[in-house]
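Spelled out, the chains give:
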Amino acid sequence: MIRFEQTFMNFLLQHQEKHGRTYHFLILMDAIVSAGKYIQHYYLTGALKGRLGSAGDVNVQGEEVMQMDQIAHEITLHYLKTSGRVIHAVSEESDGIIEINPEGRYFVYFDPMDGSSNIPHGLPIGFLFGIAKRNLEGPEDGHLRAGKEYIAAGMFVIPTGTFTLGLKEAGTYQFHIDETMNFVRPRRVVLPDDPKTWELSFNAANRHTYDERVQKWIEENESRYAFRYLGALAGDFHRLLNNGGMFMYPAIVNHPNPKKNRPEGKLRLMYEASVVAFISREAGGMAVDETGTPILDIQPKKHHQRTALYVGSKKLVEEIASVLRKSS
Ligand code: AHM
Ligand code: MG
């Protein structure tokens, strides 16, 4: 007997039909999944084809651009354009807003290759995206949406072949790539309640540069949990979704070289922090910034805005949020 698996597209079709929705979102998701597969293909053969090096450029955020950053950006834009459903896109790899189709229905915010330090080694990176819907009835409402207004957010862990999608008020689901390059076998993901499996994930080299309250919390609590850090948000967050715990990238405020402080945080709000915050909410978790404010409530002022991030199991994030809300 052949064992057939439900494909992502079939899962989504049924979801849309059940909720009486249009097919536009399906067409957009088909484009995003095509981009994810194509990036996966380019990355898998990247070392052999000499594509894992630097592009010799520095992006608008002052960071070294890798060849794969550019390839992944180009691939994603191609598919977003051909979907015909996107009005504007915001990419980590592009300074300005990318105007695509004035008739489009969706805003897409994406980081096509997140976790750049893993690229030269061919180790896991992420393709992260958030989707908001344009206001079709009223006046044009711009593209700067808070995460709570996203209708979906997702991430591919590449080249691992996993895809996770959070759907507004409908849960978070994980899929695996099969031999035919289809994402299959939907599984609903709920962050585990049991602290026994919880993990902490942060760049330990930075710990003495954090706010004193955060340092104290780490000292008092770290021995209770396992510690894991891959250096690529999608991979670290993927573990968390399955095991529970908390990923954090706190503000850097006590660096011995004050020029290296990052009081605004490192990660980007619209296409990194809000994406994992959305997925986490749909999996029963939560996410806050350095003031203990929910990430999904932050109204971005600019599209490459940064934020500190604490995301994961609700109880643990609430614990650190109450520490952060108290004045130092
Ligand atoms: P990038 O967009 O330049 O790749 O940076 C984002 C990445 C995240 O994926 C990861 O969680 C974090 O930066 C790691 O930073 P660090 O190397 O400082 O630990
Ligand atoms: Mg990034």
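The structure presented is a predicted model; accordingly, all values stated were derived computationally and were not measured.

This paragraph deals with the pairing of strand E10 (residues 183-189). In this sheet, E10 lies alongside strand E9 (residues 171-177) in antiparallel orientation, the contact comprising five bridges. Considered in E10, the bridge of Gln174 is made with Arg187. Where E9 folds back onto E10 in an antiparallel hairpin, the turn is made up of five residues, including Met181, whose phi is positive at roughly 65°.

Before going further, it helps to examine the site of ligand 1. Ligand 1 sits among Glu63, Glu92, Asp111, Asp114, Gly115, Ser116, Ser117, Asn203, Gly231, Ala232, Leu233 and Leu267. Here the residues of the shell around ligand 1 sort into three nonpolar, five polar and four charged. Two domains share the shell around ligand 1, each providing at least three of its residues, namely domain 1 (8-189) and domain 2 (195-325).

Attention now moves to the nonpolar core. Counting 94 residues, the largest nonpolar core has Val108, Phe129, Ala287, Leu309 and Val311 as its most contacted members. Examining the composition of this core, we find that ten residues originate from one element, helix H2 (residues 24-44), more than from any other. In terms of domain composition, this core takes at least three residues from each of domain 1 (8-189) and domain 2 (195-325). Apart from residues no more than four positions distant in its own chain, Val311 is found in contact with Phe237, Met246, Phe247, Val276, Ala277, Ser280, Gly285, Ala287 and Val317.

Backbone torsion omega between Ile158 and Pro159 reads 5°, so that peptide bond is classified as cis. Relative to the elements of secondary structure, Pro159 occurs in the loop between strand E7 (150-158) and strand E8 (162-167). Positive phi is not limited to glycine here, since Met181 has a value of about 65°. Tracing the sequence through the fold places Met181 in the loop between E9 and E10. Its identity as a non-glycine residue notwithstanding, Arg185 has a phi of 60°, on the positive side. Tracing the backbone shows Arg185 in strand E10. Judged by local crowding, Arg185 falls into the partly exposed class, with 15 C-beta atoms found within 10 Å.

Right, let's talk about the domain arrangement of the chain for a bit. Under the domain assignment, the chain is made up of domain 1 (8-189) and domain 2 (195-325). Computed over C-alpha atoms only, the centres of domain 1 and domain 2 are separated by 22 Å. Counting residues at the interface gives 33 residues for domain 1, matched by 27 residues for domain 2. In terms of residue count, the dominant contributor to the side of domain 1 that touches domain 2 is strand E6 (residues 125-133) (five residues). The residue inventory of the side of domain 1 that touches domain 2, partitioned by class, reads 17 nonpolar, twelve polar and four charged.

A word on the sheet that holds strand E15 (residues 286-288). Spatial ordering of the open sheet is given by E12-E11-E13-E17-E15, a layout of five strands whose pairing is mixed. Of all strands in the sheet, those with a lone pairing partner are strand E12 (226-227) and E15, marking the two edges. With three bridges joining them, E15 and strand E17 (residues 309-312) adopt antiparallel strand pairing. When the sheet's bridge partners are listed, Val288 is paired in E17 with Tyr310. The strands touched by helix H6 (residues 269-282) within the sheet are E15 and E17, with E15 carrying the most contacts at an inclination of about 150°.

How each quantity is defined
Residues numbered from 1 in each chain as written. Chains lettered and ligands numbered in written order. Predicted model: local features only at pLDDT ≥ 70, side-chain atom pairs only at ≥ 80, totals over all residues. Pairing = 2+ DSSP bridges. Helix = DSSP H or I, 4+ residues; strand = E, 2+ residues; numbered from the N terminus. Near = placed C-beta within 6 Å. Nonpolar A, V, L, I, M, F, W, Y, C, P; charged D, E, K, R; others polar. Domains from an automatic or database assignment. Core = buried A, V, L, I, M, F, W, Y, C linked by C-beta atoms within 7 Å. Buried ≥ 20, exposed ≤ 12 C-beta atoms within 10 Å, placed from the backbone. Contact = placed C-beta atoms within 7 Å. Axes fitted to C-alpha atoms, helices over the stretch in contact; angles between N-to-C directions.

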